[in-house]
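# Reading the structure
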Amino acid sequence: MKNVLVTLVIIGVIGLLVFALQGCMEEPNPVGSGVIPPSDLLQLDTATVSSIGSFSMKTVPNTVAPLNILVGKTNEYEAWALIRFSSIPDTLLFVDLVGAEIDLRSVSHFGDSLAPLSFDVHRVLTSWGGDSLNIDTLTAPGFYDPSISSTFQMSTVGDTATISVPLDTTLARAWLNSPLDTANTNFGVLLKPTNTSLVKGFATAFSPTVAHRPQLVARYRRPGSASIDTVRLSTSIATFAATSSVTIPTGDSTRIYLQNGISSHGIVDFTISSLPPRATIHKAVMEITLDPLASRLNSHTRDSVYAFFVDTTGTLTSLFAISEPAVANGQKVYRISITSFVQIWSRSDRPNRIALAGYAESYSLDSFVFYGAQSA
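Anyway, here's the lowdown on the structure attached to this text. Just so we're clear, the structure is a prediction, and the values are computed from it rather than from any experiment.

Ile-102, Phe-119, Leu-167, Trp-175 and Val-189 are the most contacted members of the largest nonpolar core, which totals 44 residues. Among all residues touching Ile-102, those that are not within four sequence positions of it are Ile-83, Phe-85, Ile-163, Ser-164, Val-165, Leu-167, Trp-175, Val-189, Gln-215 and Leu-216. Membership of the second largest hydrophobic core comes to 25 residues, among which are Ile-256, Met-286, Ala-321 and Trp-345.

Now the structure itself:
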């Protein structure tokens, strides 16, 4: 059968340590243990079960609170970013604004790290959240003002650099006055890429490093004063939406595609009918093998994936596990402890299904491709 070959690709997909409980007695001493029949001892066994099916499916990434926002364009990817600052103090109402910009800390890249980065800044005209955004949402008429508010362009942006994105003073003034000026609601700005070979990742307000979080820098004069003061505001929300020119073959059972940021999940099915009845599951490990030539990873990749338990309705549950990288037979594999998954399967008639997703799905564009159930 063709599925027998899968164990060479998804190597030992589930290794199960099965205790068949035959009986119990007090622990024997070294002399007495030799006369105890094997049937009275705990029997330890291991079973290897291969996947019976796999496929990939398109999903909507949850980018409500990403660690990074992405902006830029390459041959394969395009990412647009959104950012909005809030909690603007009343002390800045109707001051004489001299200039303003947004400081962003670069933390990652996709594509040519030495290529130029450029984007236009547009005023956003409607409210937004990160749970269902995509490029179609951002490009829909009325989402943002098509007039360019300002532009950013830089020949090279390092992965530890801080860039200053200029803001039109009229727009920034409307932000500062928004607590009282209901005619100018602050929905933030859209960063629309105009470059061709680079997507940059910038830290958000959820970055664990406080100094890397975005800042709105405003320079202003108070009425009757000639001196210029500077204020830095750091309360913000940000997100991004990305698209790719690469079509993911969702019906391909020879590969499992996990595309961060856009995104795609992998689905893997098993059957554990070969396990002995009433067996106690001591340990279960799922192992998947990476196709390095098809994957798109770089030095910033969070090299890990999630495995989610899928319930009877096909919904991903809160039960999940995280992979650990390893090497088997000269190939890179990801091992995931799914003991609790298999324990549930063994006690019910639930579907034996697992969903796979990239660890950094909400803030990167990494693409993991694994060998599937029908891989040769």
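So, next bit.
As a further point, take the side chain of Thr-301. Tracing the backbone shows Thr-301 in the loop between strand 17 (280-289) and strand 18 (305-310). Polar contacts involving the side chain of Thr-301 include one to the side chain of Asp-366, which spans 2.9 Å.

Here we take up the environment of Pro-292. Structurally, Pro-292 is set in the loop between strand 17 and strand 18. The sequence separation of Pro-292 and Lys-332 amounts to 40 residues, and the corresponding C-alpha distance is 8.2 Å.

On to the pattern of salt bridges. Going through the model one piece at a time under the given rule, you end up with ten salt bridges. A salt bridge links Lys-200 to Asp-159; the shortest N-O distance between them is 2.5 Å. Of this pair, Lys-200 sits in strand 11 (residues 198-203) while Asp-159 sits in the loop between strand 8 (150-154) and strand 9 (162-166), placing them 41 residues apart in sequence. Asp-269 serves as the salt-bridge partner of Arg-353, at 2.6 Å between the closest nitrogen and oxygen. Here the residue Arg-353 occupies a position in strand 22 (residues 353-358), and Asp-269 occupies one in strand 16 (residues 264-269), the gap between them amounting to 84 residues. Overall, Asp-269 belongs to the buried group, its relative accessible area being 16%.

The subject of this paragraph is unusual backbone geometry. Of note, the amide linkage connecting Ile-262 to Ser-263 takes the cis form, showing an omega dihedral of 5°. Inspection of the secondary structure puts Ser-263 in the loop between strand 15 (255-259) and strand 16. Even without glycine at this site, Ser-87 takes up a positive phi of about 55°. Mapped onto the elements, Ser-87 comes out in the loop between strand 5 (77-85) and strand 6 (96-111). Take Ser-87: its relative accessible area is 58%, and that puts it in the exposed class. One non-glycine residue, Asn-329, adopts positive backbone phi at about 55°. Structurally, Asn-329 is set in the loop between strand 20 (324-328) and strand 21 (331-337). Exposure remark for Asn-329: the relative accessible area of 71% places this residue in the exposed category.

Turning our eyes to something else, we now look at the pairing of strand 11. When you tally the buried positions in strand 11, you get six out of six residues, the bulk of the element. On strand 11, burial covers both faces: Leu-198, Lys-200 and Phe-202 on one face and Val-199, Gly-201 and Ala-203 on the other are all buried. Direction of pairing for strand 4 (residues 68-73) relative to strand 11: antiparallel, over a ladder of six bridges. For Val-71, the partnering residue across the bridge sits in strand 11 and is Lys-200. As judged from the five bridges shared by strand 6 and strand 11, these two strands associate in the antiparallel manner. Directly across from Ser-108, in strand 11, lies its bridge partner Gly-201.

Time to look at the side chain of His-265. Relative to the helices and strands, His-265 is located in strand 16. Only 2.6 Å separates the side chain of His-265 from the side chain of Glu-361, close enough to count as a polar contact. Discounting chain neighbours no more than four positions away, the residues touching His-265 are Phe-55, Ser-56, Met-57, Thr-59, Tyr-257, Leu-258, Leu-316, Leu-356, Ala-357 and Glu-361.

Attention now moves to helix 2 (residues 169-177). Every buried residue of helix 2 is listed here: Leu-171, Ala-172, Ala-174, Trp-175, Leu-176 and Asn-177. Buried residues in helix 2 make contact with strand 5, strand 6, strand 7 (117-123), strand 10 (189-193) and strand 12 (215-221). Regarding helix 2, its N-cap is Asp-168, as a side-chain oxygen of that residue lies 3.1 Å from the backbone nitrogen of Thr-170 further along.

What counts and how
Residues numbered from 1 in each chain as written. Predicted model: local features only at pLDDT ≥ 70, side-chain atom pairs only at ≥ 80, totals over all residues. Heavy atoms only, no water. Core = buried A, V, L, I, M, F, W, Y, C linked by side-chain atoms within 4.5 Å. Buried < 20%, exposed > 50% of the residue type's maximum accessible area, 1.4 Å probe, protein only. Contact = heavy atoms within 4.5 Å. Helix = DSSP H or I, 4+ residues; strand = E, 2+ residues; numbered from the N terminus. Polar contact = N/O pair within 3.5 Å; in protein donor to acceptor, adjacent residues only side chain to side chain. Salt bridge = Lys/Arg side-chain N within 4 Å of Asp/Glu carboxyl O. Pairing = 2+ DSSP bridges.

That's the geometry; what it means functionally is another story.
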